[in-house]
Amino acid sequence: MSDIAAPRSSSRARNLKGGGRNRSGQTNFELYSWLFMRLSGLALVVLVLGHLFTNLMLGDGINGLDFAFVAGKWASPLWQVWDLLMLWLAMLHGTNGMRTIINDYAEKDQTRFWLKALLLTASIVIVVLGTLVIFTFDPCLDPHSTLSVCQ
Amino acid sequence: MPSKPAGTLYRGREGMWSWVAHRITGVGIFFFLLVHVLDTALVRVSPEAYNEVIGTYKNPIVGLMEVGLVGAILFHAFNGIRLILVDFWAKGPRNQRKLMIGVGVVWVVLFVPFVARHLTHVFGG
Ligand code: HEM
């Protein structure tokens, strides 16, 4: 009697339904990533250009930037939310873009792995740090502060 | 995939150069952002630490680098919108050239006034 393996199609078909995978057995991750680059890009146009305009064009522009300027901006929940969204979207968008570039140019599996590990580590550190800074910012950190909010 | 592609006669036109520029500006902006979050994080250290580091940026050399950064961001942003239109707008692919010209026009219209005002701040004291 020859042993012929049972056709696998039925069990694969079952996997297809529940596993979040497409016909070729892959997830749709790259599709969502492609879509995310476009959606986050649109949001970033407003967030980044608005950020550049208020910080560099209004008032004294670059000469007006100092601790008091940051304290003034983050006294408003609008700018806190703005900066938080900008941080997360720009970092996710930028990290995902860098991932694409690593995939394109690093040909050895090992090189790709380590570059992506480095990228992921750097990105997590920056996003966590930035988020903590926005949430724990204290304009009156300096006890001798002369800022009006601290009087 | 051959590890070293043989020399090619292919020289892309605008499409390839805009892709190269999109990639280079994207990488540049990403590395700037890493540094920018780190310097802004100094507001959690002390007002003096923050003001001191931001103060070192207030010179003509960094001022010119900021002009380059904003030019790169404006290009990446509007070229990105062009890519989105080509992908999602039914008439996008047919209007490739017009979209490309549009990116150039919007870039100039926003960049020139920016440079004028920013350099006034940088050099005007
Ligand atoms: C200002 C609004 C922005 C828009 C409209 C935008 C748009 C886009 C789009 C549509 C792509 C995908 C290109 C593709 O799939 O072929 C992309 C790629 C990329 N973006 Fe952005 N982006 C913006 C901001 C940023 C920022 C702030 C960063 C950095 C943190 C960034 C870094 C990148 C990188 C590294 C890539 C990958 C480039 C490549 O694969 O060649 N972008 N951008």
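Residues numbered from 1 in each chain as written. Chains lettered and ligands numbered in written order. Predicted model: local features only at pLDDT ≥ 70, side-chain atom pairs only at ≥ 80, totals over all residues. Heavy atoms only, no water.

For chain B, the name recorded in an unreviewed UniProt entry is Succinate dehydrogenase / fumarate reductase cytochrome b subunit, with Kribbella sandramycini as its organism. In its Subcellular location (unreviewed entry) section, the UniProt entry covering chain B states "Membrane". Heading Sequence similarities (unreviewed entry) of the UniProt record for chain B holds this comment: "Belongs to the cytochrome b560 family." (UniProt positions renumbered as here; feature names shortened; annotations may be inferred.)

Looking at an unreviewed UniProt entry, chain A carries the name Succinate dehydrogenase / fumarate reductase membrane anchor subunit, with the source organism given as Kribbella sandramycini. Regarding chain A, the UniProt comment filed under Subcellular location (unreviewed entry) reads as follows: "Membrane".

Draft legend 1. Expanded view of the packing of helix H1 (residues 14–40) of chain B against helix H3 (residues 60–88) of chain B. Residue and element names in this part refer to chain B. Two elements in contact, H1 and H3, have axes separated by 9 Å at closest approach and are oriented at 125°. With respect to their mutual orientation, H1 and H3 come out oblique. Crossing of H1 against H3: the hand is left-handed. Residues Ser18, Ala21, His22, Thr25, Gly26, Ile29 and Phe32 of H1 touch H3, and the partners they reach there are Leu69, Ala72, Ile73, Phe75, His76, Asn79, Gly80, Arg82 and Leu83. Taken together, the residues of the contact of H1 with H3 break down into eight nonpolar, seven polar and one charged. (Axes fitted to C-alpha atoms, helices over the stretch in contact; angles between N-to-C directions. Helix = DSSP H or I, 4+ residues; strand = E, 2+ residues; numbered from the N terminus. Parallel < 35°, antiparallel > 145°, perpendicular 65-115°, else oblique. Left-handed = near helix turned anticlockwise from the far one by under 90°. Contact = heavy atoms within 4.5 Å. Nonpolar A, V, L, I, M, F, W, Y, C, P; charged D, E, K, R; others polar.)

Draft legend 2. Spatial organisation of the coordination of the iron atom of the ligand. Around the iron atom of the ligand, the protein contributes the donor atoms His93 of chain A (NE2) and His76 of chain B (NE2), which lie 2.0 to 2.1 Å from the metal centre. Around the iron atom of the ligand, the six donor atoms are arranged such that angles at the metal cover 87 to 179°; this shape is classified as octahedral. Taken as a pair, His93 of chain A in helix H4 (residues 77–105) and His76 of chain B in helix H3 lie in two separate chains rather than in one. Comparing His93 of chain A with His76 of chain B, the two get one shared label, buried. (Donors = N, O, S within 2.8 Å, 3.2 Å for Na, K, Ca; no water. Tetrahedral: all angles 85-135°; square planar, octahedral: opposite > 155°, others 65-115°. Buried < 20%, exposed > 50% of the residue type's maximum accessible area, 1.4 Å probe, protein only.)

Draft legend 3. How the structure looks around the pattern of salt bridges. Tallying each qualifying case throughout the model produces four salt bridges over all chains. Salt-bridge contacts for Arg99 of chain A lead to Glu30 of chain A; the nearest nitrogen and oxygen are separated by 3.0 Å. Here Arg99 of chain A, found in helix H4, pairs with Glu30 of chain A, found in helix H2 (residues 29–57); they are 69 residues apart in sequence, far enough to count as distant. Two residues, Asp104 of chain A and Arg23 of chain B, come together in a salt bridge whose shortest N-O distance is 2.6 Å. In this pair, Asp104 of chain A sits in helix H4 while Arg23 of chain B sits in helix H1, so the two residues belong to two different chains. Among the residues examined, Asp104 of chain A registers a relative accessible area of 37% and is labelled partly exposed. (Salt bridge = Lys/Arg side-chain N within 4 Å of Asp/Glu carboxyl O.)

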